[in-house]
Each structure stands twice: as structure tokens, then as C-alpha cells.
Amino acid sequence: MKHLLDIGDLDAVAIGHLLDLTDHMVEVNQRPMPKVPALRGKTVVNLFFEDSTRTRTSFDTAARRLSADVMNFAVSSSSVNKGESLRDTIETITAMGVDAFVVRHASSGAPLQITQWTEASIVNAGDGWHQHPTQALLDCYTIRTGLHRTGGFDGLHIAIVGDITHSRVARSDVQAFTTLGARVTLVAPPTLLPPEVHTWPVEVSHDLDALVGEIDVLYLLRMQRERMRDALVPSLREYTTLYGLTTARAARLQPHALVMHPGPMNRGVEMAVDPAELPGSMVLHQVTNGVAVRMAVLFELLGSGTELATVRDATTTTAP
Ligand code: CP
């Protein structure tokens with residue numbers, strides 16, 4: 001694997017391989033000294049043209065735990081503000097010696113375009129409404145471990161609820177979950193569903209109450225108001241009434257059901273309960289797993305089989 005641009009480039013075997021690799025990284029992260037030399041000598045650049053809390057910090061942490069050198073490119077204080085093009089920015093940083101760029105950009109397709117301008121590996125950390133492949137991987141890992149799934153997701157029913165139209169997470173998760181065999185239902189008002197949704201391998205519902213008692217995973221999405229040009233719901237209060245996770249809906253979830261959210265959450269809108277009070281809340285587990293999944297991805301792109309043996313050996317010799 002040279003790049004990770006689109007979760008659709010990975011089949012079930014490839015996703016399963018990365019999730020298995022993540023198990024090793026979880027072991028590393030549980031050590032008193034969570035660091036291995038696997039990517040010593042490699043340089044990873046975090047290039048975020050859009051805001052991020054989770055993805056940027058977890059890629060930064062992941063690269064450092066594998067002993068890579070990390071450059072964090074701050075767009076707000078860069079020559080982008082003097083008109084430097086994306087191509088010149090990439091070629092300039094590449095000239096310093098870079099093995100991987102982790103790229104977040106508001107334009108769909110920007111990470112793919114960047115592959116034309118550098119020999120470094122490119123990891124898509126979210127591009128427009130298009131893709132967020134490491135979010136999909138960490139969500140798969142969280143479901144696999146949260147529901148103790150060792151194989152595929154056959155028989156699982158996952159509801160993804162909210163602003164599907166503007167969501168790169170929804171697009172990536174639908175591909176990953178269905179590739180692993182899950183049944184996915186998208187739950188949203190018609191105004192928050194993309195016109196092409198009938199071509200996706202999903203069912204569609206506008207009635208969360210009809211589903212909430214039978215699903216295995218309730219995956220809530222943020223109302224992405226910064227990407228909306230029009231008012232797509234009459235009011236946030238009405239949205240919460242129809243599609244939010246309220247106390248009444250939380251009480252109807254099956255005992256084993258997981259509640260997930262990619263963050264950042266709109267408390268009181270899609271998340272109308274305190275997730276800390278939900279036994280099935282995976283919200284912070286998703287964040288924790290994000291570091292291990294991103295270690296697995298960087299290792300897969302920049303490491304080698306020999307170095308994986310080093311990670312495993314170090315796990316067995318230094319784990320408490
Ligand atoms: N889930 C996610 O991508 O969060 P950030 O925007 O904070 O990175």
C-alpha cells in the first residue's frame with residue numbers, strides 16, 4: 001500500500017489486515033512506555049487545511065509512538081496566506097525530505113491530486129464531503145472490539161443518523177461497514193440525504209423510532225452547519241425531536257447496542273443525552289482507537305515486515 005486515499009480501495013481482507021495490525025498497536029499503547037522504533041528515520045508531515053482536533057492530534061501521536069519525525073504544517077502561519085499554491089507547498093516540503101503527508105483539505109480529491117506532485121505516501125485525513133478513511137477504520141475497529149467480533153460484520157445492523165449529505169464519515173463508513181458484511185440503514189430527513197443515495201448499498205429510513213430498539217449500533221452524525229448553504233431542517237429543536245438521541249430513545253436501545261459519534265458533537269442537538277451516562281457509548285473509545293488505527297496505517301505505508309516483528313517482539317518482552 002503506497003497511499004490511503006479512499007476506504008473503497010480496500011477489500012474486506014485488506015481492512016481485516018489493518019484491524020489485526022491495530023491489535024498490535026493497542027498493545028504498544030498499553031505499555032508504560034508506549035513507543036517503538038518501527039519508523040525511526042521516517043518523516044511524517046501533518047498538512048491540515050481544515051480545522052481538526054481528533055485526527056491531527058492522533059496522527060501526530062501515532063507517528064511519534066512509532067518514532068517517526070513529525071512536522072506539523074500550520075496553514076494559518078504559512079506562505080499559503082501569501083498566495084503560494086498547493087502544488088508549490090507540497091513540492092517545497094517534499095524537498096526537505098518527507099516520507100508521508102497526512103492531508104486534510106476542504107476540496108474533495110485534493111489528496112489524490114497531491115500524489116501527482118510528490119513521491120511521498122499520502123494519507124487522506126478528510127477531503128471535503130468525499131472520504132475520511134482512517135475514521136472508517138477506527139469505527140470498524142471500535143465495533144469489532146466493542147461487540148467482540150472476531151470475523152466480519154455479518155448480521156450486524158448499523159443505523160447512521162443525521163446529515164448524510166455533507167458527511168465524508170457517512171460515505172466512508174457505509175463503504176467499510178458494508179464491505180465487512182453489515183446491514184446499514186441511513187436515517188435522516190430527505191433534505192439531508194444525497195440525491196444519489198439510491199445507488200448506495202444501504203436502506204433508508206426517516207423514522208428513527210421505528211429502528212432504535214432493533215439496531216446493534218447507533219452512529220450519530222454532526223449537523224454540519226458550516227457546510228450548509230441553506231436551512232435544511234426547519235429548526236434544530238425539531239431535528240432533535242425527530243432524529244436526536246434523547247433519553248427516551250436511549251432507554252429503548254438494546255442492552256448490547258453501541259452508540260458512536262465521530263466528533264465533534266453538538267450536545268443538545270444530535271446528542272441530547274450525556275454520552276458519559278450511556279453504558280454503550282463508544283465516543284471516547286473511538287478517539288483512543290484512532291491513535292492505534294493511525295499507527296497501523298502509518299506502519300503499513302512506511303514500515304516493513306521485519307519491523308512488525310520488532311513491534312511484536314517488543315510487545316512480548318517489555319509489556320507489563
Ligand atoms: N472525527 C474527526 O475527524 O474529528 P476532527 O475534525 O476533530 O479531526
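Computed from a predicted model, the values in this text were never measured in an experiment.

K.L.:
Give me the lowdown on the overall build of the protein chain, citing residues and values where you can.
P.N.:
Tallying secondary structure elements over the protein chain gives 11 helices and 9 strands in all. In terms of overall size, the protein chain behaves like a compact globule, its C-alpha atoms giving a radius of gyration of 20 Å where 320 residues would be expected to give roughly 20 Å. Within the span of the protein chain, comprising 320 residues, buried residues form 55% of the whole. The contacts of the protein chain with a sequence gap of at least 6 include a subset with a gap of at least 24, amounting to 74%. When the accessible surface of the protein chain is split by element, carbon and sulfur atoms take 52% of a total near 13800 Å². The positive charge centre, built from 27 side chains, and the negative charge centre, built from 35, are 5 Å apart in the protein chain.

K.L.:
Could you give an account of the sheet that holds strand β2 (residues 69-74), naming the residues involved and the relevant values?
P.N.:
Across the sheet, 4 strands lie side by side as β2-β1-β3-β4; this open sheet has parallel pairing. Unpaired on one side and paired on the other, β2 and β4 (121-127) mark the two borders of the sheet. Put simply, the sheet's adjacent strands are angled 15° from each other on average, direction ignored. Where helix α10 (residues 283-302) meets the sheet, it contacts β1 (43-48), β3 (100-105) and β4, and its direction lies at approximately 150° from that of β4.

K.L.:
Describe in detail the nonpolar core, supporting the description with residues and values.
P.N.:
Membership of the largest hydrophobic core comes to 92 residues, with the highest contact counts inside it found for I160, L186 and L245. Broken down by element, the residue count for this core peaks at 11 residues, all from α10. Formed jointly, this core draws a minimum of three residues from each of two domains, domain 1 (7-131 + 286-312) and domain 2 (133-283). I160 has contacts with A170, D173, V174, F177, V184, T185, L186, V187, Y219 and L221, leaving out every residue within four places of it along the chain.

K.L.:
Residues and numbers for the pattern of salt bridges, please.
P.N.:
Here the structure, examined in full by the defined rule, presents 10 salt bridges. Of the charged contacts in the structure, one is a salt bridge between D23 and R144, with a shortest N-O distance of 3.2 Å. Taken together, the positions of D23 in helix α1 (residues 12-29) and R144 in helix α5 (residues 133-146) put the pair 121 residues apart, joining distant regions of the chain. Looking at R144, the relative accessible area reads 10%, which means it is buried. Two residues, D209 and R252, come together in a salt bridge whose shortest N-O distance is 3.9 Å. With D209 in helix α7 (residues 208-211) and R252 in helix α9 (residues 247-252), this residue pair connects regions lying 43 residues apart in the sequence. When salt bridges that share partners are traced, they join D20, D23 and R144 into one network.

K.L.:
With reference to specific residues and values, describe the domain arrangement of the protein chain.
P.N.:
Many descriptions give the size of an interface as the accessible area lost when the pieces come together. Splitting the protein chain by domain gives domain 1 (7-131 + 286-312) and domain 2 (133-283). Computed from C-alpha coordinates alone, the two centres of domain 1 and domain 2 are separated by 26 Å. Tallying the contact residues gives 33 residues for domain 1 and 31 residues for domain 2. Overall, the association of domain 1 and domain 2 removes approximately 2600 Å² of surface from exposure, summing both partners, and the carbon and sulfur fraction of that is 58%. Where domain 1 touches domain 2, the interface holds 3 salt bridges.

K.L.:
Explain the site of the ligand residue by residue, including any values.
P.N.:
Close to the ligand lie S52, T53, R54, T55, R104, H132, Q135, P262 and G263. At a separation of 3.1 Å, a nitrogen atom of the ligand approaches a polar side-chain atom of Q135. G263 is positioned with one of its backbone polar atoms (N or O) 3.3 Å from a nitrogen atom of the ligand. Residues from two domains meet in the shell around the ligand; each of domain 1 (7-131 + 286-312) and domain 2 (133-283) gives at least three.

K.L.:
How would you summarise the pairing of β2 if you had to cite specific residues and measurements?
P.N.:
Note that β1 and β2 share 6 bridges and pair parallel. Looking across to β2, one finds that L47 is bridged to F73. With helix α2 (residues 54-65) bridging β1 and the parallel β2, this β-α-β connection has right-handed handedness.

K.L.:
How would you summarise helix α3 (residues 86-94) if you had to cite specific residues and measurements?
P.N.:
Turning to α3, its buried residues number three or more, namely L86, T89, I90 and I93. The buried residues of α3 occupy one face: seen down the axis, they fall within an arc of 95°. Residues of α3 that are buried make contact with β1, β2, β3 and α4 (110-114).

K.L.:
Pulling in residues and values, what's your account of the packing of aromatic side chains?
P.N.:
As enumerated under the stated definition, the model contains 3 aromatic pairs in all. Between F49 and F73, the aromatic rings sit 6.2 Å apart at their centres with planes inclined by 45°, giving tilted as the arrangement. On the criterion of sequence distance, the pair formed by F49 in the loop between β1 and α2 and F73 in strand β2 is long-range, its members being 24 residues apart.

K.L.:
Requested: an account of the confidence of the model for the protein chain, with residues and values cited.
P.N.:
Model confidence for the protein chain is summarised by a mean pLDDT of 93, while 94% of its residues fall at 70 or above. In the model, residues 316-320 has pLDDT below 50 throughout and makes 5 contacts with residues more than four positions away in sequence or in other chains.

K.L.:
Could you give an account of the environment of D23, naming the residues involved and the relevant values?
P.N.:
The exposure class assigned to D23 is partly exposed, which follows from its relative accessible area of 31%. In sequence terms D23 and A292 are 269 residues apart; their C-alpha atoms lie 7.8 Å from each other. Setting aside its immediate chain neighbours within four residues, D23 contacts Y141 and R144. For D23, the side chain forms a polar contact with the side chain of R144, separated by 3.2 Å.

The rules behind these values
- Residues numbered from 1 in each chain as written.
- Predicted model: local features only at pLDDT ≥ 70, side-chain atom pairs only at ≥ 80, totals over all residues.
- Heavy atoms only, no water.
- Helix = DSSP H or I, 4+ residues; strand = E, 2+ residues; numbered from the N terminus.
- Rg over C-alpha atoms; globule rule 2.2 N^0.38 Å.
- Buried < 20%, exposed > 50% of the residue type's maximum accessible area, 1.4 Å probe, protein only.
- Contact = heavy atoms within 4.5 Å.
- Areas by Shrake-Rupley, 256 points an atom, 1.4 Å probe, with all protein chains shown as cover.
- Lys, Arg positive; Asp, Glu negative; His and termini not counted.
- Charge placed at Lys NZ, Arg CZ, Asp CG, Glu CD.
- Pairing = 2+ DSSP bridges.
- Axes fitted to C-alpha atoms, helices over the stretch in contact; angles between N-to-C directions.
- Core = buried A, V, L, I, M, F, W, Y, C linked by side-chain atoms within 4.5 Å.
- Domains from an automatic or database assignment.
- Salt bridge = Lys/Arg side-chain N within 4 Å of Asp/Glu carboxyl O.
- Buried area = accessible area lost by both parts, 1.4 Å probe.
- Near = heavy atom within 4 Å.
- Polar contact = N/O pair within 3.5 Å; in protein donor to acceptor, adjacent residues only side chain to side chain.
- Right-handed = clockwise from strand over helix to strand, strands pointing away.
- Arc of directions from axis to C-beta.
- Phe/Tyr/Trp six-rings, centres within 6.5 Å; stacked < 30°, edge-to-face > 60°.
- pLDDT = per-residue confidence, 0-100.

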